[in-house]
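Coordinate inspection notes
Spelled out from the first residue to the last, the chains are:
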There are 2 protein chains.
Amino acid sequence: MIKISREEIEGFEKRYRVQLINSLPGVKSANIIGTKSKNGIENAAIVSSVMHLGSDPALMGFIQRPTTVQRDTYENIIETEFFTINHVNSKHIAAAHQTSARYDKDVSEFNEVGLTSFCNDVFYAPYVKESNVRIGLKFEEMIPIHINNTKLIVGSIEEIYISESCLNEDGSIEFSNLHSVGITGLDTYNSIEKLKRFSYAKPKIKLSEL
Amino acid sequence: MIKISREEIEGFEKRYRVQLINSLPGVKSANIIGTKSKNGIENAAIVSSVMHLGSDPALMGFIQRPTTVQRDTYENIIETEFFTINHVNSKHIAAAHQTSARYDKDVSEFNEVGLTSFCNDVFYAPYVKESNVRIGLKFEEMIPIHINNTKLIVGSIEEIYISESCLNEDGSIEFSNLHSVGITGLDTYNSIEKLKRFSYAKPKIKLSEL
């Protein structure tokens, strides 16, 4: 193994550093954030930073990059207070990746990339119809990360759409037939395959496989 | 597809809700955080919330659960200012999962679960020798998430250990032979398999596969 120091990282050419540092966490969830501007323009944006924050209350979040480079999603969430999180499906990875292009604010990425928006009567933000797991959230909090001018956007879960056949008896989602993908680095899409599921861990007790 | 409402989520039995909500983001990275107390006791703790925060400066973070339920890692980071992030390898998923058991503060999870700690002369926190990607970080910031009493812990990257053969020419990590795994839900470990890598997306330009 080689060791790369802080000084070497700082000296790397920018794109090399971006590729490396984005690869470091390992596999990341692939989701499309759906929003709609107050003028009714729908927006879809792929993100690899969606996270679980808590179950009671049920909260999720994602990292918003500096709004100098990317801001339609952020402005829509702040103005309308609603957004959706939609799993990227392996059948639609090219369309999902294409949402990362910088389209003008008055353009709907749904139309441009060929994804289908799906709305119900009560929820303002659009879902991605091609997704097998869709989550509707109400904006709760914008937490600034001052060190690099990013933000943690926190939402509470208002509704979940999921195939009933993908819900295990214990509430966990069965990913085997879901076709949800993961992202490594900036641009690589991966399928996932179950290795093992383990029991709740306790000191001095041998794990069992579930 | 079925729709699950906020009221239904709030009414679920606690463990069912925890399983469901933890499954919602999709696949999450599997990493072990390595720390050492000021008294020299090493600690290893699996987390599924490690995230990329930025490349310049090179920053990573993770979500710290309320310290009423889990605090050795947090206390060590605050007191010593250093921690490591280590990819969970498919060959060691049982040991990695076992680090989630609540061991006493004076017990080293490395010894209890059978992982090997690895230190160099200058870095205070221990690495996991079994990991193929190991990252040494200096604590930068603790950002409280008041809505549910969790915290975002931010660190800057001081050093990276990686197999040179897993570094692509452009700086991205090649995951094909790395054996890093992803977590779905609370307790399910998954291998990842590359589907496609795409070019940088621009409006009106067809994506190419890399």
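Described below are features of the structure shown in this document. As the structure is a prediction and not an experimental result, all values here were calculated from the model. (Residues numbered from 1 in each chain as written. Chains lettered and ligands numbered in written order. Predicted model: local features only at pLDDT ≥ 70, side-chain atom pairs only at ≥ 80, totals over all residues. Heavy atoms only, no water.)

For chain A, the count of helices and strands is 5 helices and 13 strands. Along the first, second and third principal axes, the C-alpha atoms of chain A reach 60 × 50 × 30 Å. Expressed as a percentage of its 210 residues, the buried residues of chain A come to 60%. Sequence-distant contacts in chain A: of pairs separated by 6 or more residues, those separated by 24 or more amount to 58%. With the model as given, the accessible surface of chain A reaches about 8,900 Å², and the carbon-plus-sulfur share is 47%. Separation between the mean location of the 23 positive side-chain charges and that of the 27 negative ones in chain A comes to 7 Å. (Helix = DSSP H or I, 4+ residues; strand = E, 2+ residues; numbered from the N terminus. Buried < 20%, exposed > 50% of the residue type's maximum accessible area, 1.4 Å probe, protein only. Contact = heavy atoms within 4.5 Å. Areas by Shrake-Rupley, 256 points an atom, 1.4 Å probe, with all protein chains shown as cover. Lys, Arg positive; Asp, Glu negative; His and termini not counted. Charge placed at Lys NZ, Arg CZ, Asp CG, Glu CD.)

Once that is clear, we can look at the relation of the copies chain B and chain A. After a rotation of 180° and a shift along the axis of 0.0 Å, chain B superposes on chain A with an RMSD of 0.0 Å. Such a combination of turn and shift is consistent with a two-fold rotation axis. The position closest to the rotation axis in chain B is occupied by the C-alpha of Ile192 of chain B, lying 2.3 Å away. Same-surface contact between copies: 100% of interface residues of chain B are shared with the interface of chain A. (Least-squares fit on C-alpha atoms with pLDDT ≥ 70 in both.)

One full turn of an α-helix is made of 3.6 residues, so residues set three or four places apart face in the same direction. Residue and element names in this part refer to chain A. By the burial criterion, the buried members of helix H3 (residues 72–80) are Asp72, Thr73, Tyr74, Asn76, Ile77 and Thr80. On the buried face of H3, the contacting elements are strand S3 (31–36), strand S4 (42–47), strand S6 (58–64), strand S7 (82–87), strand S10 (133–145) and strand S11 (150–162). In the stretch just after H3, Glu81 is the one whose phi turns positive, near 75°.

Looking now at the interface of chain B and chain A. Counting residues at the interface gives 103 residues for chain B and 103 residues for chain A. For the chain B and chain A pair, buried surface summed over both sides reaches about 8,900 Å², with 63% attributable to carbon and sulfur atoms. On the chain B side of the contact with chain A, Met1, Arg6 and Leu24 of chain B bury the most area, a combined 8% of that side's loss. Between chain B and chain A we count 10 salt bridges in total. Salt-bridge contacts for Glu159 of chain B lead to Lys3 of chain A; the nearest nitrogen and oxygen are separated by 3.3 Å. The tally of links from chain B across to chain A stands at 50 residue pairs in polar contact (both at pLDDT 80 or more). Counted by class, the side of chain B that touches chain A contains 48 nonpolar, 32 polar and 23 charged residues. (Buried area = accessible area lost by both parts, 1.4 Å probe. Salt bridge = Lys/Arg side-chain N within 4 Å of Asp/Glu carboxyl O. Polar contact = N/O pair within 3.5 Å; in protein donor to acceptor, adjacent residues only side chain to side chain. Nonpolar A, V, L, I, M, F, W, Y, C, P; charged D, E, K, R; others polar.)

The next point concerns the side chain of Thr84 of chain B. All names here are of chain B. Mapping Thr84 onto the fold places it in strand S7 (residues 82–87). Overall, the relative accessible area of 0% leaves Thr84 in the buried class. At a separation of 2.7 Å, a polar atom in the side chain of Thr84 contacts the main-chain carbonyl oxygen of Pro126. With residues up to four places along the chain from it excluded, the contact list for Thr84 reads Ile32, Ile33, Gly34, Phe123, Ala125, Pro126, Tyr127, Ile135, Gly136 and Leu137.

Here Thr188 of chain B shows up in strand S13 (residues 188–197). Here Thr188 of chain B falls in the buried class, since its relative accessible area comes to 9%. When the C-alpha positions of Thr188 of chain B and Ile93 of chain B are compared, they lie 9.7 Å apart, and in sequence the two are 95 residues distant. Non-local contacts of Thr188 of chain B, meaning those with residues more than four positions away in its chain, are made with Lys194, Lys196 and Arg197 of chain A together with Gly182 and Ile183 of chain B.

A complete count under the given rule lists 25 salt bridges over all chains for this structure. For Arg17 of chain A, the salt bridge identified is with Asp56 of chain B, shortest N-O distance 3.4 Å. Placement of the pair is Arg17 of chain A in helix H2 (residues 14–23) and Asp56 of chain B in the loop between strand S5 (51–55) and strand S6 (58–64), with the two residues belonging to separate chains. Judged by its relative accessible area of 8%, Arg17 of chain A falls in the buried class. Overall, Asp56 of chain B belongs to the exposed group, its relative accessible area being 61%. A single salt-bridge network, built from bridges that share partners, covers Arg6 and Glu10 of chain A together with Glu158 of chain B.

A few words now on the side chain of Asn86 of chain B. Residue and element names in this part refer to chain B. Assignment of secondary structure puts Asn86 in strand S7. According to the relative accessible area criterion, Asn86 is buried, its value standing at 0%. Of note is the side chain of Asn86, whose polar atom sits 3.0 Å from the backbone nitrogen of Val128. Setting aside chain neighbours within four positions, we find Asn86 in contact with Ala30, Asn31, Ile32, Gly34, Tyr127, Val128, Ser131, Val133 and Arg134.

What follows deals with the packing of aromatic side chains. Taken as a whole and assessed by the stated rule, the structure comprises 16 aromatic pairs over all chains. Measuring from ring centre to ring centre gives 6.1 Å for Phe118 of chain B and Tyr127 of chain B, while their planes differ by 50°; the resulting arrangement is tilted. Here Tyr127 of chain B falls in the buried class, since its relative accessible area comes to 0%. Taken together, the ring pairs connect Phe82, Phe118, Phe123, Tyr127 and Tyr161 of chain A into an aromatic cluster. It is Lys36 of chain B that lies over the ring of Tyr124 of chain B; its NZ or CZ is 4.7 Å from the centre. (Phe/Tyr/Trp six-rings, centres within 6.5 Å; stacked < 30°, edge-to-face > 60°. Lys NZ or Arg CZ within 6 Å of the ring centre and 35° of its normal.)

Let us look at the sheet that holds strand S13 (residues 188–197) of chain A. Strand order in the open sheet formed by 6 strands is S2(A)-S12(A)-S13(A)-S13(B)-S12(B)-S2(B), and the pairing between neighbours is antiparallel. Across the chains shown, the open sheet's two edge strands, defined by having one partner strand only, are strand S2 (28–29) of chain A together with strand S2 (28–29) of chain B. Direction of pairing for strand S12 (residues 182–184) of chain A relative to S13 of chain A: antiparallel, over a ladder of 3 bridges. The residue bridging Thr184 of chain A from the neighbouring strand is Thr188 of chain A, located in S13 of chain A. (Pairing = 2+ DSSP bridges.)

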